[in-house]
Structure formats: C-alpha cells, structure tokens
Protein chains: 2
Amino acid sequence: MKFLSRQEELMLLSIWKLDDNAYGVTIRQSVTDLTGKYWSIGAVYDVLDRLTKKGLVSTVVGDPVKARGGKSKRFYRVIKSGFKALEEVRDLQQKAWVDLPEPAFEKK
Amino acid sequence: MKFLSRQEELMLLSIWKLDDNAYGVTIRQSVTDLTGKYWSIGAVYDVLDRLTKKGLVSTVVGDPVKARGGKSKRFYRVIKSGFKALEEVRDLQQKAWVDLPEPAFEKK
DNA sequence: GATATCTTCTATAATACCGAAGAAATTAAG
DNA sequence: CTTAATTTCTTCGGTATTATAGAAGATATC
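Residues numbered from 1 in each chain as written. Chains lettered and ligands numbered in written order. Predicted model: local features only at pLDDT ≥ 70, side-chain atom pairs only at ≥ 80, totals over all residues. Heavy atoms only, no water.

A. Main features of the relation of the copies chain B and chain A. When chain B is brought onto chain A, the operation consists of a screw motion whose angular component is 180° and whose axial shift is 0.0 Å, with 0.1 Å RMSD remaining. Within this description, the copies of the chain are treated as partners about a two-fold rotation axis. Judged by C-alpha distance, R6(B) is the residue of chain B that lies nearest the rotation axis, at 3.0 Å. A share of 100% of the interface residues of chain B reappears at the interface of chain A, consistent with the copies meeting face to face through the same patch. (Least-squares fit on C-alpha atoms with pLDDT ≥ 70 in both. Contact = heavy atoms within 4.5 Å.)

B. A look at a nonpolar patch on the surface. Residue and element names in this part refer to chain A. Together, V25, I41 and Y45 make up a nonpolar patch on the protein surface, roughly 280 Å² of accessible area in all. By the element assignment, V25 lies in helix 2 (residues 24–35). Looking at V25, the relative accessible area reads 52%, which means it is exposed. (Patch = residues over 30% accessible without salt bridge, like charges linked within 9 Å, V, L, I, M, F, W, Y side chains within 5 Å. Areas by Shrake-Rupley, 256 points an atom, 1.4 Å probe, with all protein chains shown as cover. Salt bridge = Lys/Arg side-chain N within 4 Å of Asp/Glu carboxyl O. Helix = DSSP H or I, 4+ residues; strand = E, 2+ residues; numbered from the N terminus. Buried < 20%, exposed > 50% of the residue type's maximum accessible area, 1.4 Å probe, protein only.)

C. Spatial organisation of the interface of chain B and chain A. Listed as interface residues are 42 residues of chain B and, on the opposing side, 43 residues of chain A. Carbon and sulfur atoms make up 65% of the surface buried where chain B meets chain A, a total of about 4,100 Å² over both sides. Across the salt bridge formed by K37(A) and E88(B), the nearest N and O atoms sit 3.8 Å from each other. Counting across the interface, chain B meets chain A through 21 residue pairs in polar contact (both at pLDDT 80 or more). Sorting the residues of the side of chain B that touches chain A by element identifies helix 1 (6–18), helix 2 (24–35) and helix 4 (80–96) of chain B as the ones contributing at least two each. Broken down by element, the residue count for the side of chain B that touches chain A peaks at 10 residues, all from helix 4 of chain B. Tallied by class, the residues present in the side of chain B that touches chain A amount to 22 nonpolar, 5 polar and 15 charged. (Buried area = accessible area lost by both parts, 1.4 Å probe. Polar contact = N/O pair within 3.5 Å; in protein donor to acceptor, adjacent residues only side chain to side chain. Nonpolar A, V, L, I, M, F, W, Y, C, P; charged D, E, K, R; others polar.)

D. The arrangement of the nonpolar core in detail. Counting residues in hydrophobic clusters, the biggest one holds 54 residues, and the most contacted among them are M11(A), I15(A), M11(B) and I15(B). Look past the residues within four positions of I15(B) in its chain and what remains in contact with it is A22(B), I27(B), L48(B), L51(B), V57(B), Y76(B), R77(B) and V78(B). (Core = buried A, V, L, I, M, F, W, Y, C linked by side-chain atoms within 4.5 Å.)

E. A look at the pattern of salt bridges. Residue and element names in this part refer to chain A. Applying the stated criterion across every chain yields a total of 14 salt bridges over all chains. Residue R90 is joined to D91 by a salt bridge in which the shortest nitrogen-to-oxygen separation is 3.8 Å. Assessed through its relative accessible area of 33%, R90 is described here as partly exposed. By relative accessible area, which is 37% here, D91 ends up partly exposed. Three or more residues joined by partner-sharing salt bridges are found here, namely E8, D46, R50 and K54.

If you want it as structure tokens, here you go:
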C-alpha cells in the first residue's frame, strides 16, 4: 500500500526500542518476543534491507568486537522519515478503530 | 505474516462499520475515506477475495434491487474468526507501541 | 583448522495493485 | 414491444512488491 506494512512497522519499533543495540540478531529476538512467532533469519534481513532502501533507517557497520564470532555487526537506527512513517500508521490505526457497532456475530 | 496484513485489517474494520451495507463499492468508499488514498477496484476485490478464502468473512449475494445498474451486490460480513484476528492485531499493536525511548533523531 | 557469530544471496510463495472485460439489471429509441 | 445504450457491480488476468526460508559466505576467536 502506501503505508508501512505491519512487518515494517514492527521492525522499526524494535529498532527504535533497541536504541544503540539494534542489529540483525537482536532485532530478530525483539520481534520474536513481541509477536511470539517464528521469524526466519531471511525474513528479518529482508525487511531490514527494504527499510534501508526506502530511507527509513540509517545503517552503519560496527567495529568487530573481541568475542568468539568475529563477523562485525550492522547496526540500524530509525531516522526522521522512519519516525514520520510510524506516526502515520499510528494515526491511521487510531482513526480506523472507532465507530464500530456492536459486533453482530454470525453463527459459525 | 501470521497476522492480518494492514489492508486486511482496514478492510475488515470497514466491513464491520458498514454493517448491513458492506459490498464492494461501499467498502471501497470507506477505506478511501479512512486512508485518504486511492484504491483501485481490483485492489479492493483482491483483499475481499482473500478474506473470504481465509474464512474471516461470510458473503451473500443480495437480490437485485430496482435501480438503474442491475448487477446484484455481494454483501460481506465479519464472522467470528474475523473478529478474533482483529483482536489479535489490536493486542499486538498495543504491545508494540510501548517502552519507546526518546526518539534520538539523526540529522537527515 | 575448528568453531562461533553475523550477514548476504537465491529461490519460491503470498500480497498488493490496476484497469479491462463480463454480467445483469433499467431506460431510451425506433 | 424489441433492441440498443447506459448504469452498477464483480470477475479476470497480468505485473510489481512483500514475505518466507535456509544455505552459503565472511570474519573473527580458540
């Protein structure tokens, strides 16, 4: 659509929450905790790439840390346009969930 | 994902709101009003079909009404599973938008 | 070189998006 | 009256974007 997809939204919020420590693995952990569902590695990085390409986050490769697995992390950070996009869906959400009549359930 | 997509959510809410009068055209109007964006005919019916296939709405073709354009309408109604799915994303949304630190904006 | 931690790559399925074509009724023409 | 034009709605078919998944690749420590 023209709005953030739900995934993009969740991912942005997770990055926001993680602050200085947002990279692939922690982000994956964060959305897993949040949703209680399984997220494949690929699914996470896919969204991350898209957010980057869309210019909603900035990214920087950190220095390799002195620990067993050496590959250096790619850190993410929400930038202005990202916050704006988030605000947009928050407003939409708010408008969407009002004026709902009593749910007349159907049998089945 | 495993949750309703944003479109599916908006569409379900619109159907819910429209109550007895939810069919292609009014639903399209409703989501257009809500989002302020253009929705093609096809985009609307596409989601509607998906919701039906997923068993989140029930549908019934109405009797042709005595008015100019004769084609009878296909009415939609949110059913139990649909309300449940909506509830799920509402909860998710609520959980997602908390514990957010001060947005430390980046320049650019 | 074995092991650990992370990211990139490649492939497939599901969603989103769009307008032309099709269906079925009413109204207008002759 | 019979047929053609008009109106209202939905179905169809094709393309682009998102979502899913895990294997492969990179780079550090032990």
